[in-house]
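# Remarks on the overall topology
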Amino acid sequence: MPRVTLETLPDYGRYLLAAAENAGLRYPTTCKVSLPLLELTVHLGHGVLADALGHAFVEAGRDRPEPAACRVFIAYPGIHGIPEPARWGDAHFTEHGFAKRLAEAGLRGHYFHDLDFWQIYDPHRSVGVQLMASADAFPPWEPGAPLRAFLHWEYAARGMRLTHAGTLGIDGKGILLAGAGGAGKSGTVAAGLLNGLDSVGDDYVLIDLVGGVTARPLFSTLKQDARGFARLGLQQRLAEQGPLNWQGKHTFHIGDVTPRPVPAMLDIVALVVPHISGGGASSIMPVSRRDAMIALAPSGIAQMPGERESGFRFFSELTRLLPCFRLSLGTDPAEIAGAIENFLTRGLS
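Below or above, wherever it landed, is the structure these notes cover. (Residues numbered from 1 in each chain as written. Predicted model: local features only at pLDDT ≥ 70, side-chain atom pairs only at ≥ 80, totals over all residues. Heavy atoms only, no water.)

A few words on the packing of helix α9 (residues 289-302) against helix α10 (residues 308-321). At a minimum axis distance of 10 Å, the contact between α9 and α10 shows a crossing angle of 145°. Considering the relative orientation of α9 and α10, their crossing is right-handed. Contacts between α9 and α10 involve R289, A292, M293, L296, A297, G300 and I301 on the former and, on the latter, R308, G311, F312, F315, S316, L318, T319 and R320. Split into classes, the residues belonging to the contact of α9 with α10 amount to 8 nonpolar, 4 polar and 3 charged. (Axes fitted to C-alpha atoms, helices over the stretch in contact; angles between N-to-C directions. Helix = DSSP H or I, 4+ residues; strand = E, 2+ residues; numbered from the N terminus. Left-handed = near helix turned anticlockwise from the far one by under 90°. Contact = heavy atoms within 4.5 Å. Nonpolar A, V, L, I, M, F, W, Y, C, P; charged D, E, K, R; others polar.)

Spelled out as structure tokens, the structure:
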């Protein structure tokens, strides 16, 4: 099995892109997804990832500017002309060094050691390849937000950013919920959806800073641990519950908990850091820009390979543009949603 080093990495990336494209019509299926300002075409095989692509996204409407086009090939050796994935050959591997070497060659990429799982993207041609050892040899988080890295690279090339955050809003105006895992983002989003608020995403949303701060939807997936699932009464609403995900959480979709359509966009008016307080009533108080940046930036950069420096600049500008608050969460989902609705409709005070 070949081994790749930092020196040979750009050549290997170009080789994978060429092999994936040359396989042409040999991919068993093609999936097309309409996303904000982007038409995504994916060539792949049948199975879990193809199923995920069919329901993981919030598809964009047609009333928008002419979208860009992006193609991704999900390849594995069972497809004629696709090689076995190589292994990393240098003694040391760092995500930053890997990304920097590819960026010098005009490419983007990610490598997951445990599975010899490669993702290579050419942002100039908007073409990518995901090479796996077999049709199901992908990391466990991949079906929940499929092709997240490729979307990150494509949108970053146009000045936007996939952001690890939740959203809630009403009448087109919304808040961005930031914080590490366990802070209460997902539960807050689900509580809002169940009680009349809108959302453009629970985990990853597309943020644009041109002409103000806007958030657009990409993924429809929501997640909740067993405790939150029960507290929100979701077992009564969701008649069929699939297996728990790799984190031991229930996964479901925005459409499972609300009949309202997902907005095409929310105008974000505040950055809010949720905090599980255990108190009876929720409260919203100002927080420093520094604390908001600490809640927002680390996970947003760590979970999006490459674009590290531009990520810090982007999130720094985001926290400069928005007033920042801490949301101390009460225990009643309806009360939490009401506090956020009052915050949005009666002014940021």
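Contact geometry of helix α5 (residues 185-194) with helix α11 (residues 333-345) gives a least axis separation of 8 Å together with a crossing angle of 85°. Classified by the angle their axes make, α5 and α11 are roughly perpendicular. In contact with T188, A191 and G192 of α5, α11 contributes P333, I336, A337 and I340. Here the residues of the contact of α5 with α11 sort into 5 nonpolar, 2 polar and no charged. (Parallel < 35°, antiparallel > 145°, perpendicular 65-115°, else oblique.)

All right, on to the pattern of salt bridges then. Taken as a whole, this structure holds 12 salt bridges when the rule is applied. Here E21 makes a salt bridge to R125, at a shortest N to O gap of 2.8 Å. One end of the pair, E21, is in helix α1 (residues 9-22); the other, R125, is in the loop between β7 (117-122) and β8 (127-131), and 104 residues separate them in sequence. On the accessibility criterion, E21 (23% relative accessible area) is partly exposed. Using a relative accessible area of 42% as the deciding quantity, one classes R125 as partly exposed. Residues participating in the shared-partner salt-bridge network are E21, R71, D122 and R125. (Salt bridge = Lys/Arg side-chain N within 4 Å of Asp/Glu carboxyl O. Buried < 20%, exposed > 50% of the residue type's maximum accessible area, 1.4 Å probe, protein only.)

This next bit is on α10. Between its first and last C-alpha atoms α10 spans 20 Å; for 14 residues at 1.5 Å apiece the expected length is 20 Å, and the two agree. Within the sequence span of α10, burial applies to G311, F314, F315, L318 and T319. Along α10, the residues classed as buried sweep out an arc of 130° about the axis, all on the same side. If you follow the buried residues of α10, they end up packed against β9 (161-164), β11 (173-177), β12 (204-208), β16 (266-276), α9 and β18 (324-329). (Expected span 1.5 Å × (residues − 1). Arc of directions from axis to C-beta.)

Moving on: the environment of H275. Of note, H275 is situated in strand β16. Judged by its relative accessible area of 36%, H275 is partly exposed. Residues within four places of H275 in sequence aside, it is in contact with A183, R326, L327, S328 and L329.

Our next topic: the side chain of Q119. Among the structural elements, Q119 can be located in strand β7. Once you skip the residues sitting within four places of it in the chain, Q119 turns out to touch R108, G109, H110, V129, Q130, E142, A149, F150 and W153.

Read from one edge of the open sheet, 6 strands run β2-β3-β4-β8-β7-β6, paired in mixed fashion. On the outer flanks of this sheet lie β2 (29-35) and β6 (108-112), each paired with one strand and no other. Strand-to-strand twist in this sheet, taken as the mean axis angle between neighbours without regard to direction, amounts to 15°. The pairing of β6 with β7 spans 5 bridges and is classified as antiparallel. Bridge pairing in β7 places F112 opposite F117. Packed onto the sheet, helix α3 (residues 95-104) meets β6 and β7 and runs at close to 145° relative to β6. (Pairing = 2+ DSSP bridges.)

These figures come from the coordinates and say nothing about function on their own.
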